[in-house]
Amino acid sequence: DYGQIRAASAYNADLYRRFDEIVACSDGCRRAFLNVHPQLTGKTCVIPNFQNDTAIVRLAKAQPVNLDHGRLNVLTVARFGREKGILRALYAVAALGAQRGGMCYYLIGDGPEYAAAQKAIVELGLDGTVILLGAMENPYGHMRAADVLLIPSFSEAAPMVIHEAALLGTPILTTETSSAVEMVQDTGFGWVCPNTQEGITQGLRRLLAADAADAARGARRSHV
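Residues numbered from 1 in each chain as written. Predicted model: local features only at pLDDT ≥ 70, side-chain atom pairs only at ≥ 80, totals over all residues. Heavy atoms only, no water.

### A few points about the nonpolar core
Put simply, the test is: We call a set of buried residues a nonpolar core when its members are Ala, Val, Leu, Ile, Met, Phe, Trp, Tyr or Cys and they connect through side-chain atoms within 4.5 Å of each other. With a 1.4 Å probe rolled over the protein chains alone, any residue whose accessible area is under 20% of its type maximum counts as buried; one over 50% counts as exposed, and the rest are partly exposed. The numbering of helices and of strands both runs from the N terminus, where a helix is a DSSP run of H or I of at least 4 residues and a strand a run of E of at least 2. Whether two residues are in contact is decided by their heavy atoms, any of which lying within 4.5 Å being enough.
With 29 residues, the main nonpolar core has Leu 75, Met 143, Leu 149, Leu 168 and Ile 172 as its most contacted residues. At the level of secondary structure, the elements contributing two or more residues to this core comprise helix 3 (53–62), strand 4 (103–108), helix 6 (140–145), strand 6 (148–151), helix 7 (160–167) and helix 8 (180–185). Of the residues forming this core, the biggest block, five residues, is contributed by helix 7. Residue contacts for Leu 75: discarding those within four places in its chain leaves Tyr 105, Tyr 106, Ile 108, His 142, Met 143, Ala 146, Val 148, Leu 149 and Leu 150. In this structure, Val 74, Ala 94, Leu 96 and Leu 207 belong to the second largest nonpolar core, which totals 28 residues.

### Here's the deal with the pairing of strand 4
Applicable threshold: Here, a strand pair is defined by DSSP locating no fewer than two bridges between the strands. Clockwise travel from the first strand over the helix to the second, with the strands pointing away from the viewer, marks a crossover as right-handed.
Of all six residues in strand 4, six are buried; the element is thus mostly enclosed. Across six bridges, the pairing between strand 3 (residues 72–77) and strand 4 is parallel. What sits directly across from Leu 75, in strand 4, is Tyr 106. The handedness of the strand 3 to strand 4 crossover, carried by helix 4 (residues 86–94), is right-handed.

### Overview of the side chain of Thr 129
Of note, Thr 129 is situated in the loop between helix 5 (114–123) and strand 5 (130–134). Each residue touching Thr 129, except ones within four places of it in the same chain, is listed here: Arg 71, Val 93, Arg 100, Met 103, Cys 104 and Tyr 105.

### Looking at the environment of Leu 15
Note that Leu 15 resides in helix 1 (residues 10–17). Taking the relative accessible area as the measure of exposure, Leu 15 reaches 32% and is therefore partly exposed. With 116 residues separating them along the chain, Leu 15 and Ile 131 place their C-alpha atoms 45 Å apart.

### A few points about the side chain of Thr 44
Operational definition: Any N or O atom pair separated by 3.5 Å or less is treated as a polar contact, with the protein-specific requirement of one donor-capable and one acceptor-capable atom, and with residues adjacent in sequence counted only for side-chain atom pairs.
Inspection of the secondary structure puts Thr 44 in strand 2 (residues 44–46). Judged by relative accessible area, which is 6%, Thr 44 ranks as buried. In terms of polar contacts, Thr 44 uses its side chain to reach the backbone carbonyl oxygen of Leu 40, at 2.8 Å. Discounting chain neighbours no more than four positions away, the residues touching Thr 44 are Ile 22, Arg 30, Phe 33 and Leu 34.

### Considerations on the packing of aromatic side chains
The test is simple: Only the six-membered ring of Trp is used, alongside the rings of Phe and Tyr, when aromatic pairs are assigned; centres must lie within 6.5 Å, and planes under 30 degrees apart are stacked while those over 60 apart are edge-to-face, with the rest tilted. When the NZ atom of lysine or the CZ atom of arginine is within 6 Å of a ring's centre and also within 35 degrees of its normal, the charge is said to sit over that ring.
Following the criterion strictly, the structure yields five aromatic pairs and no others. Seen from their ring centres, Tyr 2 and Tyr 16 are 5.9 Å apart, and the 80° between their planes marks the pair as edge-to-face. Here Tyr 2, found in the segment before helix 1, pairs with Tyr 16, found in helix 1; they are 14 residues apart in sequence, far enough to count as distant. Residue classification places Tyr 16 among the partly exposed residues on the basis of a relative accessible area of 25%. Seen from their ring centres, Phe 80 and Tyr 114 are 5.1 Å apart, and the 50° between their planes marks the pair as tilted. With Phe 80 in the loop between strand 3 and helix 4 and Tyr 114 in helix 5, this pair connects stretches of sequence that are 34 residues apart. For the pair shown, Phe 80 and Tyr 114 are each scored as buried. Ring pairs connect the aromatic residues Tyr 2, Tyr 16, Phe 19 and Phe 33, which therefore count as one cluster. Sitting above the plane of the Phe 154 ring, Arg 82 keeps its charged end 4.7 Å from the centroid. Over the aromatic face of Phe 154 sits the side chain of Arg 88, whose NZ or CZ is 3.9 Å from the ring centroid.

The structure is reproduced here in structure tokens:
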């Protein structure tokens, strides 16, 4: 999200002015950029990210994962950096109270906040609810098996994990970031919640209250 990185300087504006064309990977990213550099509207376009769909599906099938579908299986795949909102996601899950017994939250990834996440899980009493899987070269088996992909980020541009989850038929719950509405809500791939800890809690609560796992699996739409 260009508006979040404090790049609005005369120096950067001059550099961008020299390019023939500037490409954003989503309309939300384009809008965020042009909010800072409106004078570049005429030379800024959108080309979505592209991924190797065949390889993603092949990798998902190569390492199948079986999860307990008596609970809502929620998955986050992300770097454990502050902007990804992992710690507030843990607090959001803790705020569900007894209701969190109906879910299992898996996290794939590593990063500077990994140790803090381990500590928070213990302090919040989430040992039976949250499972840290660490860094994983092939996360697609888990992504395909999960009921919901959770993106709890403070800020995002156009996350490639959205396309990956949608491709594998897994609906998405995401905080509202620059491209969330167009990539998740408008496409019907899932739900967008307010970009707050409480928003994440309420988003999960609604899924759990709607007979959780069955509701999420019913929302699946395969694009394989």
